[in-house]
Amino acid sequence: MAKQLLDQFTAHVPADTRAAVYLGTKTTHEKRTKMLFDQFADPNRLRQLAGEIKQHVVENLDTYLPQVEAKLKANGAQVHWAATAEEACAAVLKIMQDRGATKMVKAKTMVSEEIELAHYLEKRGIEALETDLGEFIVQIDKDHPSHLVRPIIHKNRREIAQSFEREGLGAYNDDPETITRRARQFLRHKYLAADVGLTGANFVSAESGRLVVVTNEGNSRFSLAATKCHIALVGIEKLVPRDRDLGLFLNLLARSATAQQLTVYTEFFSGPKLPSQPDGPEEMHVIFVDNNRTEVLASDCREILRCIRCGACLNVCPVYRQASGHAYRSVYPGPVGAVLSPLLAGAHFADKADLPKASSLCGACNEVCPVNIPIPDLLLRLRDKGKREYAPLASAGTPPMGGWSVIATSPAAWKTALFGGKIMDYLPTKFIPVPALQAWQAKRTLPKWRGGEFRKWMKNRRKP
Amino acid sequence: MDLSHRKLPGTDKRVQLMATCLCDAFYADAARATVEVLEYIGCRLEFPEGQTCCGQPAFNGGDWAASRKVVRHTVRTFAGELPVIIPSASCAAMVFHGALLAFEKEPDLPEVRQLANRTWELADFIVNALGVRTWPGRYDAKVAFHRSCHSRGTETGPAALTLLSSIAGTTVVPVGEAEQCCGFGGTFSVAFPNVSTSMGALKLEHVRAVQPDLLVSIDMSCMMHLGGLAAKEGKPIRTQHLAQVLRDSLKNGGLL
């Protein structure tokens, strides 16, 4: 019988990786919860409000996208539209080629991971260097991020020290401060030599065209300090209606993501450098990326487009804590990834159709989501889709339900089954060739069969 | 979670009981205790004989077509206007939330909603419909309470704790990481056995750390998973449904 890929992966996660992921997620989740409930009278009301605002945005993108385009152009930025990952990468390449640029410094952006930008540029002879410390380590290790906010949550400092030694960044030293100082020294020269700085955007105000980027390392500031051209990659769902909405979202984002009141750096960009300003990029390009988001919008799972990529659902998720991020085989892991990744796969939905099954539907993700996405409901809708589309990865390990539904709609058959189940008390379950039963009893016993006993008791006590 | 369901009982306190398939097959005593507890507080029970399952296994398993067949059977079986009481937060959530999702595009959604709107989880019903906030009798035990996940966003968890903490002799001890799932998740437990049992082992660790006399839940499915895991390890734990504790408290107090 076919097995679930994520479950197989989990069986082989090294103990220290699992321990690192568990401790990192648990600590952040607990701090986040304490901070929100200590500092706000009713954080759940804030989550609901933020969810309503984002839902309003995604349902009115046809209004807000033209509005933000006009604003950005008026501010002096150039606006590009990319329907696919390929188009987005090509747009970045064209901007660089037009400037004769060969070196890029990158701040952390999930959408660049999604379109595999660094790989695309490197193949075409362009250096695209990650400047977020975690992403930098991922890049030198040719690895993949395993968390939305903490890309190297799966690594320990000894592994990182070995990587730095291998890359010639200094003799083995696993002191975190030394590691950070070495990365900083290396990156300083790169910032000065780069032609182009690339960022994402956590939010874009449709009212002003203002892009908001939050970091804790200041690397996005550095990426734009010496470069003359700023490229921002932005998913089309990143809008908020007005500048004043940012108060709500910034308050929720930092607390939900890293249990901070505010990230160390919160930057606002509304256009290229003005003649009156001494520094900053002279050119600013904003590339709005669709890459199947409009199909998600047309689906019955559009609520997932509210996501602000805080990672709170990963941190609280008991499945993510056991499986770790790479188990999801996707740029977006965890509960949000289990919804988003199969949807963004578009025509290749079947390749990710197992991910919506990788949840006990416990609902913890919905409870912490700063934009109140009903993730369990969306996982369920995608399970239904996987079944209707006969996706083999989705059905692996799930017992067939056809026979059960026949019995459960016939009271006579049901009562017979209640009686017949007694066989389990006499036959050792390992001899009963039902895969689900085998999977259960490998690590769990079954309680004694009591089929029909309650009904008999009910009937007898009614007798006068 | 929409809590607009929960139609209050009439003054004659007539209700229908949905015993759940798990009690039907494995946990007969939890169902018996539910009956005795409800009757003690004056309810008159109807037990529709044709009942089978709420339809959740297929719903969670992704086979919504099969699930809808079973939901339709349940809707027919529990026809009428009486409140339906379920000794399971999970099955109750299936009836008042899951079934509505599965029927979003179906012509008979109103019938499904009619049942949803009068469905109650047992503890929520006792406390919030009947206004019972203290439980008589006596039950001497240190109790760990497992708030099952399908009670999130409902009044069930607080209601169960209100009842448990009010019993003479009972001490409720808090369990670490209470918001974390036990790892059961229906068909998840067999499709993802490694993840499921790792989650369960962690939950057991938290439970054992506070050394309770017994683990109490409002869902026997979580207890089947945790209890089965503990037994297989050779270190069994005592598990009970809330209704069993309430019933035994009455018995110990000579009230039943």
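Residues numbered from 1 in each chain as written. Chains lettered and ligands numbered in written order. Predicted model: local features only at pLDDT ≥ 70, side-chain atom pairs only at ≥ 80, totals over all residues. Heavy atoms only, no water.

A few points about the overall build of chain A
Moving on, step 1. Along its length, chain A carries 24 helices and 10 strands.
Moving on, step 2. Principal axes of the C-alpha set define a box for chain A whose edges measure 95 × 55 × 45 Å.
Moving on, step 3. The buried share of chain A, taken over its 464 residues, is 56%.
Moving on, step 4. If you take every contact in chain A between residues at least 6 apart in sequence, the share linking residues at least 24 apart comes to 74%.
Moving on, step 5. Surface exposure of chain A reaches about 19,900 Å², of which carbon and sulfur atoms provide 55%.
Moving on, step 6. Positive and negative side-chain charges in chain A, numbering 63 and 50 respectively, have mean positions lying 10 Å apart. (Helix = DSSP H or I, 4+ residues; strand = E, 2+ residues; numbered from the N terminus. Buried < 20%, exposed > 50% of the residue type's maximum accessible area, 1.4 Å probe, protein only. Contact = heavy atoms within 4.5 Å. Areas by Shrake-Rupley, 256 points an atom, 1.4 Å probe, with all protein chains shown as cover. Lys, Arg positive; Asp, Glu negative; His and termini not counted. Charge placed at Lys NZ, Arg CZ, Asp CG, Glu CD.)

Here we look at the overall build of chain B
Moving on, step 1. Broken down by element type, chain B carries 12 helices and eight strands.
Moving on, step 2. Relative to its length of 256 residues, chain B is compact, with a C-alpha radius of gyration of 18 Å against a globular reference of 18 Å.
Moving on, step 3. Expressed along its principal axes, the backbone C-alpha trace of chain B runs to roughly 50 × 45 × 30 Å.
Moving on, step 4. Relative to its 256 residues, chain B shows a buried fraction of 65%.
Moving on, step 5. Pairs at least 24 apart in sequence give 80% of the contacts found in chain B among residues at least 6 apart.
Moving on, step 6. For chain B, the computed accessible surface area is about 8,400 Å², with 52% contributed by carbon and sulfur atoms. (Rg over C-alpha atoms; globule rule 2.2 N^0.38 Å.)

Examining helix H10 (residues 176-193) of chain A
Residues and elements named next belong to chain A.
Moving on, step 1. Counted at 1.5 Å a residue, the expected span for H10 with its 18 residues is 26 Å, and the 26 Å between its end C-alpha atoms agrees.
Moving on, step 2. Among all positions in H10, only Thr-178, Ile-179, Arg-182, Ala-183, Leu-187 and Tyr-191 are buried.
Moving on, step 3. Packed against the buried residues of H10 are strand E2 (103-106), strand E3 (127-130), helix H8 (133-140), helix H9 (157-166) and helix H11 (219-223). (Expected span 1.5 Å × (residues − 1).)

Focus on the interface of chain A and chain B
Moving on, step 1. Across the boundary between the two partners, chain A contributes 72 residues, which contact 69 residues of chain B.
Moving on, step 2. In total, chain A and chain B occlude about 6,000 Å² of area from one another, counting both sides; carbon and sulfur atoms represent 61% of this.
Moving on, step 3. Together, A:Arg444, A:Phe454 and A:Arg455 form the three largest contributors to the area buried by chain A at its contact with chain B, with a combined 12%.
Moving on, step 4. Inspection of the region where chain A meets chain B yields 10 salt bridges. (Buried area = accessible area lost by both parts, 1.4 Å probe. Salt bridge = Lys/Arg side-chain N within 4 Å of Asp/Glu carboxyl O.)

Digging into the state of the cysteines
Residue and element names in this part refer to chain A.
Moving on, step 1. Here the structure, examined in full by the defined rule, presents zero disulfides over all chains.
Moving on, step 2. Among the cysteines around Cys-89, which has no disulfide bond, Cys-229 carries the closest sulfur, lying 16 Å off.
Moving on, step 3. Looking at the unpaired Cys-365, the closest cysteine sulfur is the one in Cys-362, lying at 6.3 Å. (Disulfide = S-S within 2.5 Å.)

Let's talk about the sheet that holds strand E6 (residues 211-215) of chain A
Hydrogen bonding along the main chain pairs the strands of a sheet, whether they run parallel or antiparallel.
Residues and elements named next belong to chain A.
Moving on, step 1. One open sheet holds the four strands; their spatial order is E8-E5-E6-E9, and the pairing between them is mixed. What marks the edges here is a single partner per strand, and that holds for strand E8 (239-240) and strand E9 (265-269).
Moving on, step 2. Examined bridge by bridge, E6 and E9 share five bridges and lie antiparallel to one another. Bridged to Thr-215 within E9 is Tyr-265. (Pairing = 2+ DSSP bridges.)

Considering the packing of aromatic side chains
All names here are of chain A.
Moving on, step 1. For the coordinates displayed, the defined rule picks out 15 aromatic pairs over all chains.
Moving on, step 2. Through a chain of ring-to-ring contacts, three or more aromatic side chains come together here, namely Phe-136, Phe-164 and Phe-186.
Moving on, step 3. Sitting over the face of the ring of Tyr-120, Arg-124 holds its NZ or CZ atom 3.7 Å from the ring centroid.
Moving on, step 4. One Lys or Arg, Arg-444, reaches over the ring of Trp-440 and ends 4.4 Å from the middle of that ring. (Phe/Tyr/Trp six-rings, centres within 6.5 Å; stacked < 30°, edge-to-face > 60°. Lys NZ or Arg CZ within 6 Å of the ring centre and 35° of its normal.)

Examining the side chain of A:Arg383
Moving on, step 1. With respect to the helices and strands, the residue A:Arg383 is situated in helix H18 (residues 375-388).
Moving on, step 2. Within the structure, the side chain of A:Arg383 is placed 2.6 Å from the backbone oxygen of B:Asn60, a separation counted as a polar contact.
Moving on, step 3. Those residues in contact with A:Arg383, other than ones at most four positions away along the chain, are A:Pro356, A:Lys357, A:Ser359, A:Leu361, B:Asn60 and B:Gly62. (Polar contact = N/O pair within 3.5 Å; in protein donor to acceptor, adjacent residues only side chain to side chain.)

Some words on the side chain of A:Arg32
Residues and elements named next belong to chain A.
Moving on, step 1. By the secondary structure assignment, Arg-32 is in helix H2 (residues 15-39).
Moving on, step 2. Despite its burial, Arg-32 remains without a salt bridge, the nearest opposite charge being carried by Glu-367 at 7.6 Å.
Moving on, step 3. In this structure Arg-32 touches Arg-47, Arg-255, Ser-256, Ala-259, Glu-367 and Val-368, once residues within four positions along its chain are discounted.

So, the nonpolar core
Side chains of nonpolar character tend, in soluble globular proteins, to be buried together.
Moving on, step 1. The biggest cluster of nonpolar side chains holds 94 residues, and the ones touching the most others in it are A:Leu6, A:Phe203 and A:Ile304.
Moving on, step 2. If you tally residues by element for this core, the top one is helix H5 (residues 89-102) of chain B, at 10 residues.
Moving on, step 3. Those residues in contact with A:Leu6, other than ones at most four positions away along the chain, are A:Val319, A:Ala323, A:Ala327, A:Tyr328, A:Ala358, B:Phe192 and B:Val195.
Moving on, step 4. By size, the runner-up hydrophobic cluster in this structure holds 78 residues, among which are A:Ala436, B:Val190, B:Val207 and B:Val216. (Core = buried A, V, L, I, M, F, W, Y, C linked by side-chain atoms within 4.5 Å.)

Re the pairing of strand E6 (residues 168-173) of chain B
All names here are of chain B.
Moving on, step 1. Judged from the five bridges that link them, strand E5 (residues 138-146) and E6 form a sheet pairing that is parallel. Residue pairing in the sheet places Ala-144 in a bridge with Val-173 of E6.
Moving on, step 2. For the handedness criterion, the β-α-β arrangement of E5, helix H8 (residues 156-166) and E6 is classed as right-handed. (Right-handed = clockwise from strand over helix to strand, strands pointing away.)

Here's the deal with the domain arrangement of chain A
Moving on, step 1. If you check the domain split of chain A, you get domain 1 (2-30 + 294-395), domain 2 (40-291) and domain 3 (415-460).
Moving on, step 2. The gap between the C-alpha centroids of domain 2 of chain A and domain 3 of chain A is 55 Å. (Domains from an automatic or database assignment.)

What to know about the sheet that holds strand E3 (residues 84-86) of chain B
Residue and element names in this part refer to chain B.
Moving on, step 1. Ordered by their spatial adjacency, four strands build an open sheet running E2-E1-E3-E4, and the pairing between neighbours is parallel. This sheet does not close on itself; its edge strands, each paired only once, are strand E2 (44-46) and strand E4 (119-121). Along the sheet, successive strands turn relative to each other by an average axial angle of 40°, direction set aside.
Moving on, step 2. Pairing analysis gives two bridges linking strand E1 (residues 14-17) to E3, with the strands arranged parallel. If you follow Gln-16 over to E3, its bridge partner there is Val-84.
Moving on, step 3. Against the sheet, H5 makes contact with E3 and E4, and its axis sits at roughly 160° relative to E4, the strand it touches most. (Axes fitted to C-alpha atoms, helices over the stretch in contact; angles between N-to-C directions.)

Topic: the packing of H8(A) against H9(A)
All names here are of chain A.
Moving on, step 1. Where H8 contacts H9, the two axes come as close as 10 Å, and the packing angle between them is 60°. Considering the relative orientation of H8 and H9, their crossing is left-handed. Contacts from Phe-136, Ile-137 and Ile-140 of H8 reach H9 at Ile-160, Ser-163, Phe-164 and Arg-166.
Moving on, step 2. Considered class by class, the residues forming the contact of H8 with H9 number five nonpolar, one polar and one charged. (Left-handed = near helix turned anticlockwise from the far one by under 90°. Nonpolar A, V, L, I, M, F, W, Y, C, P; charged D, E, K, R; others polar.)

As for the confidence of the model for chain B
Moving on, step 1. In this model, chain B carries a mean pLDDT of 96, and residues with pLDDT of at least 70 account for 98%.
Moving on, step 2. Reported confidence for the predicted complex is 0.96 by ipTM and 0.97 by pTM. (pLDDT = per-residue confidence, 0-100.)

Side note on the domain arrangement of chain B
All names here are of chain B.
Moving on, step 1. What the domain assignment lists for chain B is domain 1 (14-128) and domain 2 (133-252).
Moving on, step 2. Each of domain 1 and domain 2 was reduced to a C-alpha centroid, and the two centroids are 21 Å apart.
Moving on, step 3. Between domain 1 and domain 2, the contact holds 28 residues from the first and 26 residues from the second.
Moving on, step 4. Overall, the association of domain 1 and domain 2 removes approximately 2,200 Å² of surface from exposure, summing both partners, and the carbon and sulfur fraction of that is 69%.
Moving on, step 5. With its nearest N and O atoms 2.7 Å apart, the salt bridge here joins Arg-247 to Asp-29.
Moving on, step 6. Taken together, domain 1 and domain 2 are joined by nine residue pairs in polar contact (both at pLDDT 80 or more).
Moving on, step 7. Secondary-structure elements contributing two or more residues to the side of domain 1 that touches domain 2 are helix H2 (28-40), helix H3 (56-61), H5 and helix H7 (122-129).
Moving on, step 8. For the side of domain 1 that touches domain 2, the element with the most residues is H2, which contributes seven residues.

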